[in-house]
Structure formats: structure tokens, C-alpha cells
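Listed here are the chains, written in short residue letters.
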Amino acid sequence: MHGMSYLNVSDKLAIGPTSVCRCVHECTNAVLQHMYHVHVRLPNHQEATRDMEEWSKATDGIPGIIGAIDCTEIPIRRPLSNKEDFLNRKGLPMIKVQALIDVRRRFIDLDVGWPGCLGDAGIFRRSQLAKIHSPYLQQFDTTPVVTGDDGLGNPTTQEIPAFILTDSAYPSTPELVPTYHFKKVRPGSIDAKLNQRLSAGRAKVENAFATLKGRFRILNQPLLCASEDLPFAIRLVAAICVLHNFLIDVGDIQGVDDLYQVKMGSAGGEDVDENDDTADAMDDDMPDANDEQGNTKDILLRRLKYLHETIGQTEKVHFLTGLEV
Amino acid sequence: MFLDSNRRRALFVAYVFLLLATLRIQKQMEQARVARLRRRQSRMLIASFVCAIVSTGLTCPVTPRSQWTLLRSPHWINGVRDGTLYTPLEFYKQFRMTRDGFLMLYRILSMVCSHGYRLTGRTTHHQTRHQLSGCHSARDSYHGIALTCNAWDELPECFR
């Protein structure tokens, strides 16, 4: 409750601090045992197809987006064992949470408890999602888009598979489409225009974390239980994420959309992620691109260039149809 | 130093007299103190009796402000639940959720909490901690963290 200590909660609720501690432990375990698999799961084919349409609206027509992935840091009190592992680049003890969200800012995949010293891409490579995301995304239909012509007036098309939006700390693969780092994109260029569309979609994952930490403010201050009982701290964070999903599932979205409404143009064409430098430095072994298979991001870029050449502008133009939105 | 027997006897009698007089005075002072304490106690007894009669006879109003000073008062949570403490806008600013969402969360957690003890058992935390404590010894290649997943053995398979 707002990150208060057990003593404060016991005063507020008129029960003993021991009872508060017991309730928190039991609630955490029970929530994970009975609610996790209900509220945190990858969407099935029908749900994902519906979500893709919503993502398409948010990004002015970019097809195939299943979700957006990112990591956030949860401060903890320094654990008794292996405390150096949990220090982030600022020297503060943290655990990292990797979350894949859908268009309603629900967590559809969670990986909680990674140490703060790991970068986002390193966490993704070690996570369970890295093993299952390729076969999962391949079950969805690809979307053909015209990306140019062969010189004889015949359009050439390329297929856009289902993919996940990420920030620039992640590798660019057919299944992962990262936004450009704000230092590596020139304002006004086609890259910036694509970045603007992708950032409008990816902002939802940042909004989801902001909503989570605004609702459950225990996540904004160091988790004291982590120093002695790190597994419980991890379970607690996971249970809180489940409750976040539960609130969205029961319709508690009033105000969230007003607060975090992402508009094209206002979302910014620059992706600012302060963790990127560290992540890039720590994950040098991560392949930057998969040139043999062709990155989805390159296909998106080619399509946007084609729109720019044929229509003359790319802003406020539907990505697939080329019509004004 | 070489007094005669009469003088010595007289000195002894005087010493005994002084001793008895001192004891007498001390006893009188003690009796006076006890009497004073008894009088004070009886006055306090009467006062507390009167207060008890007054407090039981009259209903002393407890203002909302004074309830905040009481330790372990359910005033706050009752006010939050029945909606008397915050307006909807204040409620949203305070909790970042609507009152309906809060009540749904309150209900589901109450349900979980009331049944949680039976469902989860008490020893799971210690088992988990024990499992992890052995696993966290290896620092290289993040084995400790990889084995964090082993701490979730009592959780559903989708979480492992």
C-alpha cells in the first residue's frame, strides 16, 4: 500500500505487523499460484490478430506488431549474497524486469529477477521468451508491402512478418524491430520518420511501466525484503505485475489513456533510452543484424522510402495504403 | 575517660533516651507519610470513580481528526472503502486507479488472503530461500540468477 512499511500498514489497517507480513507473503504466493497463468500469457491467434489492428492504428498502419518489449529496474536493498551482481551502472542495487506488453499495456510475458548489471539485450538472450518467440511469431500471417519496382514498372513486394517492437538496445532481427537511437538518426530523414511511427507504438511499454510504478509505489523505493529474502522480492514484483494486468482486465483504464495517450508527432521521432549506452557496451556479443534473412526494420524502411518517392511525403500517410490518415 | 559509675550510667540512659526519641520521631513521620499517601490514594480513587461514572454516562464524541492519532485505527481504510475520504479525482490521484478497480482489487486480495494460508502453506518461503541460498554461491555466468527459476518450484509450470 503506497510502499509503506509493515508497521505503518498495521496501523492503517488496525492489524498486527506480523499479520501484515503473513498476509503479504500468502497473498503473493496465492496470486502467483492462481492468477498468474490467467492474466499473464501470450495472446492466442485471434487475440493477437485483433491486437495487431490496434497496433496498426497506433503507428499509422505498420502491420504485424504483436507487442513491445522493454526492461525496467526495481530498486532493492542490497542482498546479502552476490550483491555486486545486482548493482546497476549507477552503483545502485536493482533487479530488472523484462516485460512484453500488448496494445492495452498488459504484460503478456514477464521475466522478473535479473540482476541490475545485465543489459536489456543480455536479459532477452537469456530469457525464455528468446527461445519461444520465433515459433510463436511464425504462426501469424505475413503482410505483403510494395517496397519498390524492378525498373520495368512492376512493383516488388516484400513480406512483413509478425514482430515485436523494442528499443535500440535490442538486436535487429526479423522478429525484433528496434527503434533508432536518438543519436544515430538525422532529424527529418526517412529514418526519423520511421522512428516516429515506431516510437509511437513503443511508448506504450514505457507507459505500462509508469502506470505500474504509479499504482504500486512500493516499486519506487528499495524493497527491504530483498536483502534477506530475494526470492520473495522477485515473487512480490511478479505478483504486482499480475495485479496490474488484473486491473486492466476488469476495466480499470479510466484516466490511463488520457494520461498516456500517444499521438503521432507528439511521441517524438527520437528514442531516448538512457540505458542504451550501457546495454550496447555490455552486449557486444549480440549480433546487430541478421543480413541473411533480412531485417523487418529494413523492409519497413524501404517501404517508407518508396512512399516518400511515390507520394512525396510520409507524414500522416497510412503505411500500407499510402492514403492520408 | 575515667568517669565514675554514676556518670557512666547517666550517659547510657541519655543515649538510650535519644535513641528511643529518634525512633519515635521516625515512626511518627512514617505514619504521617502513610496517612498522606492513603488520603491521596482515596482522592484519586474517588476522582477515577467519578470519571468512570461520567465517561460511562456521557458519550464522548471522537472527532475525525482525533481518530488519526489513534494507533491501529481502521478509520482510514473504512473511509477509503466507503468513499467518504476521497473524491473520485482525489482517489485517482492518490491511487492511480478508479474506486471500482480498487474495490475489485480489495475483494480479490481479501479472497486470496482468506484462503491463501490453506492454499500455499507456511513452509514454502523457507524452502525457497534454502534452495536459492545454495544456488547463489556461483557468481560467474550468472548461475545464481539462472537458478533463481529453481526457486519457483512450488509455482505453476508456466512460471518456471
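Residues numbered from 1 in each chain as written. Chains lettered and ligands numbered in written order. Predicted model: local features only at pLDDT ≥ 70, side-chain atom pairs only at ≥ 80, totals over all residues.

### Examining the overall build of chain B
Thought 1: From N to C terminus, chain B includes seven helices and zero strands.
Thought 2: Going from N to C terminus, chain B has its helices and strands arranged as α-α-α-α-α-α-α.
Thought 3: For chain B, with 160 residues in total, the buried portion stands at 12%. (Helix = DSSP H or I, 4+ residues; strand = E, 2+ residues; numbered from the N terminus. Buried ≥ 20, exposed ≤ 12 C-beta atoms within 10 Å, placed from the backbone.)

### Notes on the domain arrangement of chain A
Residue and element names in this part refer to chain A.
Thought 1: What the domain assignment reports for chain A is domain 1 (1–34) and domain 2 (40–141 + 180–288).
Thought 2: Between domain 1 and domain 2, the contact holds seven residues from the first and 11 residues from the second.
Thought 3: Considering only residue class, the side of domain 1 that touches domain 2 consists of two nonpolar, five polar and no charged. (Domains from an automatic or database assignment. Contact = placed C-beta atoms within 7 Å. Nonpolar A, V, L, I, M, F, W, Y, C, P; charged D, E, K, R; others polar.)

### Description of helix H4 (residues 45–58) of chain A
All names here are of chain A.
Thought 1: A rise of 1.5 Å per residue sets the reference length of H4, with its 14 residues, at 20 Å; its end C-alpha atoms lie 20 Å apart and thus fit the reference within 8%.
Thought 2: All of the buried residues along H4 are Ala48, Met52, Trp55, Ser56 and Ala58. One face of H4 carries all of its buried residues, which in axial projection span an arc of 150°. Among the exposed residues of H4, those oriented more than 90 degrees off its buried face are Gln46 and Glu53.
Thought 3: Where H4 is buried, its residues meet strand E1 (65–75) and helix H7 (190–215).
Thought 4: Downstream of H4 by a residue or two, Asp60 has a phi angle that is positive, lying close to 60°. (Expected span 1.5 Å × (residues − 1). Arc of directions from axis to C-beta.)

### Points about the confidence of the model for chain B
Residue and element names in this part refer to chain B.
Thought 1: Summary statistics for chain B give a mean pLDDT of 69 and a share of 59% for residues scoring 70 or more.
Thought 2: Model confidence for chain B, summarised as mean pLDDT per element, is weakest for helix H7 (residues 143–146) at 31 and strongest for helix H1 (residues 5–57) at 91.
Thought 3: A low-confidence stretch, residues 116–160 stays under pLDDT 50, and its non-local contacts, those more than four residues away or across chains, total 60 contacts.
Thought 4: We note a pTM of 0.71 for the whole complex and an ipTM of 0.74 for its interfaces. (pLDDT = per-residue confidence, 0-100.)

### Points about the environment of B:Asp4
Residue and element names in this part refer to chain B.
Thought 1: Locating Asp4 in the fold gives a position in the segment before H1.
Thought 2: Looking at Asp4, the number of C-beta atoms within 10 Å reads 8, which means it is exposed.
Thought 3: Separated by 68 residues in the primary sequence, Asp4 and Arg72 have C-alpha atoms spaced 82 Å apart.

### Things to note about the nonpolar core
Residue and element names in this part refer to chain A.
Thought 1: Residues Ala233, Val237, Ala238, Cys241 and Val242 are the most contacted members of the largest nonpolar core, which totals 88 residues.
Thought 2: Counting residues per element, this core draws most heavily on helix H8 (residues 230–249), at 15 residues.
Thought 3: Not counting the four nearest positions on each side in its chain, Cys241 is found in contact with Val40, Phe107, Leu110 and Leu212. (Core = buried A, V, L, I, M, F, W, Y, C linked by C-beta atoms within 7 Å.)

### Section: the confidence of the model for chain A
All names here are of chain A.
Thought 1: Predicted confidence across chain A gives a mean pLDDT of 83, with 87% of residues reaching 70 or more.
Thought 2: E1 holds the highest mean pLDDT among the elements of chain A, 95, whereas helix H10 (residues 276–282) holds the lowest, 42.
Thought 3: Under a pLDDT of 50 for its full length, residues 261–292 has, in the predicted model, 60 contacts with residues more than four places off or in other chains.

### Remarks on unusual backbone geometry
Residue and element names in this part refer to chain A.
Thought 1: The phi dihedral of Asp60 is positive, around 60°, even though this residue is not glycine.
Thought 2: Among the structural elements, Asp60 can be located in the loop between H4 and E1.
Thought 3: Unusually for a residue other than glycine, Asn82 sits at a positive phi of about 55°.
Thought 4: If you trace the backbone, Asn82 turns up in the loop between E1 and strand E2 (94–101).
Thought 5: Here Asn82 falls in the partly exposed class, since 17 other C-beta atoms lie within 10 Å of it.

### Some points on the environment of A:Leu110
Thought 1: For A:Leu110, the position within the fold is in strand E3 (residues 107–115).
Thought 2: Not counting residues within four places of it along the chain, the set of residues in contact with A:Leu110 comprises A:Val40, A:Val97, A:Ala99, A:Ala238 and A:Cys241.

### Here we look at the packing of H7(A) against helix H11 (residues 296–311) of chain A
All names here are of chain A.
Thought 1: The N-to-C vectors of H7 and H11 enclose an angle of 115°; their axes lie 10 Å apart at closest approach. As H7 runs across H11, the sense of the crossing is right-handed. Residues Ile190, Asp191, Lys193 and Leu194 of H7 form the contact with H11, whose own contacting residues are Leu300, Leu301, Leu304, Lys305 and His308.
Thought 2: In terms of residue class, the contact of H7 with H11 is built from five nonpolar, one polar and three charged. (Axes fitted to C-alpha atoms, helices over the stretch in contact; angles between N-to-C directions. Left-handed = near helix turned anticlockwise from the far one by under 90°.)

### Observations concerning the pairing of strand E6 (residues 163–166) of chain A
Residue and element names in this part refer to chain A.
Thought 1: Neither face of E6 is open: one carries Phe163 and Leu165, the other Ile164 and Thr166, and all of them are buried.
Thought 2: In the sheet, E1 pairs with E6 via three bridges, with the strands oriented parallel. Bridge pairing in E6 links Gly67 to Ile164. (Pairing = 2+ DSSP bridges.)

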